[in-house]
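Structural overview
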Amino acid sequence: MRIIVTGGAIIQDAWGRILLQRRSDYGDWGLPGGGMEPGELIEDTMKREVWEETGLDVTAFQLYGVYSGSRMQHTYPDGNEVVFVMFIFHAEVDLQGKMASDGKRLRFRDPRGESLKLEFKSLEEIDHLPISSVQRPVFEDLKVEKQGVLRS
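Rules and cut-offs
- Residues numbered from 1 in each chain as written.
- Predicted model: local features only at pLDDT ≥ 70, side-chain atom pairs only at ≥ 80, totals over all residues.
- Heavy atoms only, no water.
- Helix = DSSP H or I, 4+ residues; strand = E, 2+ residues; numbered from the N terminus.
- Buried < 20%, exposed > 50% of the residue type's maximum accessible area, 1.4 Å probe, protein only.
- Contact = heavy atoms within 4.5 Å.
- 1 Å grid on protein atoms, 1.4 Å probe; cavity = no way out; pocket = protein on both sides within 12 Å on 5 of 7 lines; lining within 4 Å.
- Points joined across faces, edges and corners; volume = space filled by probe spheres on them.
- Nonpolar A, V, L, I, M, F, W, Y, C, P; charged D, E, K, R; others polar.
- Expected span 1.5 Å × (residues − 1).

**Considerations on the environment of Met72**
The residue Met72 is located in the loop between β5 (58–67) and β6 (73–75) in this model. For the pair formed by Met72 and Phe84, sequence separation is 12 residues and the distance between their alpha carbons is 5.2 Å.

**Some thoughts on the side chain of Thr45**
Here Thr45 shows up in helix α1 (residues 42–54). Residue class for Thr45 comes out buried when judged on its relative accessible area of 0%. Discounting residues that sit within four places of it in the chain, Thr45 has contacts with Gly7, Gly34, Gly35, Met36, Glu37 and Glu40.

**A look at the layout of surface pockets**
To find leftover empty space, a probe the size of one water molecule is rolled over the atoms. The computed volume of the largest pocket comes to approximately 340 Å³. Taken together, 23 residues make up the lining of the largest pocket; nearest its centre are Thr6, Arg23, Gly33, Gly34 and Phe84. Elements with a contribution of two residues or more to the lining of the largest pocket: β1 (2–11), β4 (33–35), α1 and β7 (81–93). Residue contributions to the lining of the largest pocket peak at four residues, all from β1. Split by residue class, the lining of the largest pocket holds nine nonpolar, nine polar and five charged. Its volume calculated, the second largest pocket comes out at about 160 Å³. Lining the second largest pocket we find Arg105, Leu106, Arg107, Phe108, Arg109, Asp110, Ser115, Leu116, Lys117 and Leu118. In the lining of the second largest pocket, the residues fall into four nonpolar, one polar and five charged.

**Some remarks on α1**
The terminal C-alpha atoms of α1, which comprises 13 residues, lie 18 Å apart, in line with the 18 Å expected from a rise of 1.5 Å per residue. Contacts made by the buried residues of α1 are with β1, β2 (18–23), β4, β5, β7 and β8 (115–121).

This is the structure we're talking about:
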């Protein structure tokens, strides 16, 4: 089993909705983010992944939480088993001119094909979506306004 360190972003719009990405690799919804590269700072991982997956530049950020432990175990459809250590940040971006006319979707064509959809969703809407099992605790914590950096 491999350990994968990731950086992810909670990006909210003016109405408090959270930007979710429907991932092409397993079809679930989750936060924009991904794996750290060797020698990279974790905040740079988050900024790079947000840019690659959404086309948005992170202008400010603050660490929300670090998720580790047994809840972070994941088995991919190909049988590959991993354990994530997730650094999740509250991230600010400039959405000016980036939204579709429906006010929910982000206008972005992902050249790498990682993002099937990018949409802002309320916490209530998120409850009813297929969310990655390792990211579900993040949304549970947001819903109850859990405090503290370390989450297991």
